[in-house]
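Fold and contact review
Residue-level listing of the chains:
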Amino acid sequence: METLKFAFTITLIGITIVFLSLIALCVLMSLFPLLNYEWKKSSDTDKGGSDDSSYLEIEEDDDFHNDSSDNSSNSSLIALLTAAATAYMGSSSDVKVRVTSFKRIPQTSPVWNTVGRSEYISNKL
Amino acid sequence: MLNDFINIIGDIISKSGFVIGEYRHFIMIFISCVLFYLAIAKEYEPLLLLPIAFGMLLTNLPGANLYHPELFITESGKVDIIEIFNNGGLLDFLYLGVKFGVYPPLIFLGIGAMTDFGPLLSNPKSILLGAASQIGIFITFICALLLGFSQEVAAAIAIIGGADGPTAIYVTSQLAPKMLGPIAIAAYSYMALVPMIQPPIMKLFTTKKERETVMGQLRKVSKREKIAFPIVVTILICLFLPDAAPLVGMLMLGNLFRESGVVERISKTAENELINIITIFLGLSVGATATAENFLNRQTLFILFLGLAAFSLSTATGVLFGKIMYYATGGKVNPLIGSAGVSAVPMSARVSQKVASEANPGNFILMHAMGPNIAGVIGSAVAAGVLLAVFR
């Protein structure tokens, strides 16, 4: 009987300590995202963003504002550029990429190449 | 001349292991061969089982006298280092690392350097599953006491439920060094048998609907969080439970090497060369303690049985706590990740994934299961600290 009583006491103490330690750790780990928050803020102001969770800004270009004849086309292009930049950097959804300018360049590829490429892309979709 | 020749030959034969060996030695040699088979042909935890089996073979070769247990178990209870230096053999020297509790923390250093705590950090609540899985340790402790084992031996047997080899060896070397062989072999054997032991228990305590639960995407953990984690854990756990400091401290040091990114050479050494060397020393010296006198008795059978019970109970309590989390979160947690709360990294997390994908082939809970799996390493180290604090 004494043995059983002792065994239950140790069990109770042991389980309590294990749970208390790990609950305390759980609470502390829940606060860890605050580290990122402060870091994000400071990196915005200090560095202008050079890491995963910072903004990537492309310098503003006058052409962006001047070349605004087709707004819907520009919006699609900006979305495409943002997606491409994000995918290229292998980043996740918490990365902020802001396209602030782009410049259209003259069409140099032969028209048959362009058609062939678009067909190839269509087949892959 | 002929007489001399016959006398010398007779002398050599009389000293050979075939003559001076007892039947128990040959049984132990047979058992070590079975372990060779399991390690090599079946690949059951070969990294440790192979050196353990060879250590067992060496120590049971009659007449070889590679290991002298009497040098370590003295009347005063203290190790006589001078005596070991004067009369000890190779395995005696290697065993000093186990006796003084050096090897298991160094193994933890390597494990820390190999472990990514990201899945745990992205879902902190999963650490509770690692705590729940330690309940099996304490239930087994009660059973072992009721079966007549001393408190120290009962504690050492119970820690098998933590499914963490180095932790089991560390606790046993401190509390019940005579039992080191059977306990270490039981611990590693059951760890290797995770894919066979756990699934029936997991299915017994969960419904198909629960097993099909799909869990959401884990958030990305920043480098800053990963660096802060080992420092915070070390401060918190070691202040709270100093007896857990050797294991937790080394585990977290290894992880800090990895995550800091500034000591790549040290990190690679810890996770490769160092852990490999220590694994050889640890395996050989632990195997050497499995002498015929220590191993071939009724207690070993009880240890094997209780070890299995500890492991099964830890799995069951983890799954049951997973069920509680399933209902508490409105069905967002798959209870199968609870079984990964026993350490056995990453095998038990893989088993969780396998059972989940049997229920729902499109379900991927591996990374979710890695959280409790890693938490189990910390949890078993804390449980070991509790037992050492009480019984050492």
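Residues numbered from 1 in each chain as written. Chains lettered and ligands numbered in written order. Predicted model: local features only at pLDDT ≥ 70, side-chain atom pairs only at ≥ 80, totals over all residues.

Another aspect to go through is the overall build of chain B. In terms of regular secondary structure, chain B is built from 22 helices and 0 strands. The C-alpha atoms of chain B give 23 Å as radius of gyration, which agrees with the globular expectation for 392 residues (21 Å, within 12%). Per-residue burial over chain B gives 55% buried out of 392 residues. Here the analysis covers contacts within chain B between residues at least 6 apart in sequence; of these, 75% occur between residues at least 24 apart. (Helix = DSSP H or I, 4+ residues; strand = E, 2+ residues; numbered from the N terminus. Rg over C-alpha atoms; globule rule 2.2 N^0.38 Å. Buried ≥ 20, exposed ≤ 12 C-beta atoms within 10 Å, placed from the backbone. Contact = placed C-beta atoms within 7 Å.)

The next subject is the overall build of chain A. A tally of helices and strands in chain A yields 5 helices and 2 strands. N-terminal to C-terminal, the α/β element order of chain A is α-α-β-α-α-β-α. Within chain A, buried positions represent 10% of all 125 residues. Of the contacts made within chain A by residues no fewer than 6 positions apart, 57% connect residues no fewer than 24 positions apart.

On the side of chain B, 31 residues touch chain A, which itself brings 25 residues to the contact. Those elements that provide at least two residues to the side of chain A that touches chain B are helix 1 (2–31) and helix 2 (33–46) of chain A. Element by element, the count of residues in the side of chain A that touches chain B is highest for helix 1 of chain A, at 18 residues. Grouping the constituent residues of the side of chain A that touches chain B by class yields 16 nonpolar, 8 polar and 1 charged. (Nonpolar A, V, L, I, M, F, W, Y, C, P; charged D, E, K, R; others polar.)

Next up on the list: unusual backbone geometry. Residues and elements named next belong to chain B. Cis geometry marks the peptide bond from Val 345 to Pro 346; its omega dihedral reads -10 degrees. Tracing the backbone through its elements, the reader meets Pro 346 in the loop between helix 20 (298–328) and helix 21 (347–359). Even without glycine at this site, Glu 43 takes up a positive phi of about 55 degrees. Relative to the helices and strands, Glu 43 resides in the loop between helix 3 (23–40) and helix 4 (46–59). Its 12 C-beta neighbours within 10 Å are what place Glu 43 among the exposed residues. Of note, Ala 344 is a non-glycine position whose phi angle comes to about 35 degrees, a positive value. With respect to the element layout, Ala 344 can be found in the loop between helix 20 and helix 21. Judged by the 32 C-beta atoms lying within 10 Å of it, Ala 344 falls in the buried class.

All names here are of chain B. Within the largest apolar cluster, 141 residues are counted, with the highest numbers of intra-cluster contacts made by Ile 157, Ala 158, Ile 159, Ile 160 and Ile 183. Counting residues per element, this core draws most heavily on helix 22 (residues 366–391), which supplies 13 residues. Not counting residues up to four positions away in its chain, the partners in contact with Ile 157 are Thr 140, Ala 144, Phe 149, Ile 183, Ile 303, Leu 306 and Gly 307. (Core = buried A, V, L, I, M, F, W, Y, C linked by C-beta atoms within 7 Å.)

Residues and elements named next belong to chain B. Here helix 16 (residues 223–240) is 18 residues long and its end C-alpha atoms lie 26 Å apart, about the 26 Å a rise of 1.5 Å per residue gives. Its maximal kink placed at Phe 229, helix 16 deviates by approximately 25 degrees, while the proline Pro 230 follows within four residues. Among the residues making up helix 16, those that are buried are Glu 225, Lys 226, Phe 229, Pro 230, Val 233 and Ile 237. (Expected span 1.5 Å × (residues − 1). Bend = angle between axes of the 7 residues up to and from the residue.)

Our next topic: the packing of helix 13 (residues 180–192) of chain B against helix 20 of chain B. Residue and element names in this part refer to chain B. One way to put it is that helix 13 packs onto helix 20 with a least axis distance of 9 Å and a crossing angle of 35 degrees. Classified by chirality, the crossing of helix 20 by helix 13 is right-handed. The segment helix 13 lies against helix 20, with Pro 182, Ile 183, Ala 186, Ala 187 and Tyr 190 engaging Thr 300, Ile 303, Leu 304, Gly 307, Leu 308 and Phe 311. Counted by class, the contact of helix 13 with helix 20 contains 9 nonpolar, 2 polar and no charged residues. (Axes fitted to C-alpha atoms, helices over the stretch in contact; angles between N-to-C directions. Left-handed = near helix turned anticlockwise from the far one by under 90°.)

Here the focus is the confidence of the model for chain A. Residues and elements named next belong to chain A. Averaged over chain A, the pLDDT score is 73; the fraction of residues at 70 or greater is 66%. Mean pLDDT across the elements of chain A bottoms out in strand 1 (residues 55–57) (48) and peaks in helix 1 (92). Low confidence marks residues 47–68, where pLDDT is under 50. Its contacts with residues over four positions away, or in another chain, come to 39 contacts. (pLDDT = per-residue confidence, 0-100.)

Bringing the environment of B:Phe391 into the picture now. All names here are of chain B. Positionally, Phe 391 belongs in helix 22. Here Phe 391 falls in the partly exposed class, since 18 other C-beta atoms lie within 10 Å of it. For the pair Phe 391 and Ala 369, spaced 22 residues apart in sequence, the C-alpha to C-alpha distance is 33 Å. Ignoring anything within four residues of it in the chain, the contact list for Phe 391 reads Gln 151, Glu 152, Ala 155 and Leu 175.

Now for the packing of helix 12 (residues 165–175) of chain B against helix 13 of chain B. All names here are of chain B. Put simply, helix 12 and helix 13 touch, their axes get as near as 9 Å, and they point 165 degrees apart. Considered as vectors, helix 12 and helix 13 are oriented roughly antiparallel to each other. For the element pair helix 12 and helix 13, the recorded crossing hand is right-handed. Counting all contacts with helix 12, which are made through Gly 165, Ala 168, Ile 169, Thr 172 and Ser 173, the residues of helix 13 involved are Leu 180, Ile 183, Ala 184, Ala 187, Tyr 188 and Met 191. Broken down by class, the residue content of the contact of helix 12 with helix 13 amounts to 8 nonpolar, 3 polar and no charged. (Parallel < 35°, antiparallel > 145°, perpendicular 65-115°, else oblique.)

All right, on to helix 13 of chain B then. Over its 13 residues, helix 13 of chain B runs 18 Å from end to end, which matches the ideal 18 Å to within 8%, given 1.5 Å per residue. The element helix 13 of chain B is extensively covered by neighbouring structure, given that 13 of its 13 residues are classed as buried.

Overall, the predicted model of chain B reaches an average pLDDT of 90, with 99% of residues at or above 70. Here the prediction assigns the complex a pTM of 0.77, and the interface score ipTM is 0.85.

Note on placement: A:Ala87 falls in helix 4 (residues 71–89). Separated by 66 residues in sequence, A:Ala87 and A:Ser21 place their C-alpha atoms 40 Å apart.

So, on to the environment of B:Ser126. Residues and elements named next belong to chain B. Tracing the chain through its elements places Ser 126 in the loop between helix 8 (118–122) and helix 9 (127–132). Taking C-alpha positions, Ser 126 is 24 Å from Thr 140, a pair spaced 14 residues apart along the chain. Excluding residues that lie within four positions of it along the chain, Ser 126 makes contacts with Leu 120, Ile 337, Gly 371, Pro 372 and Ala 375.

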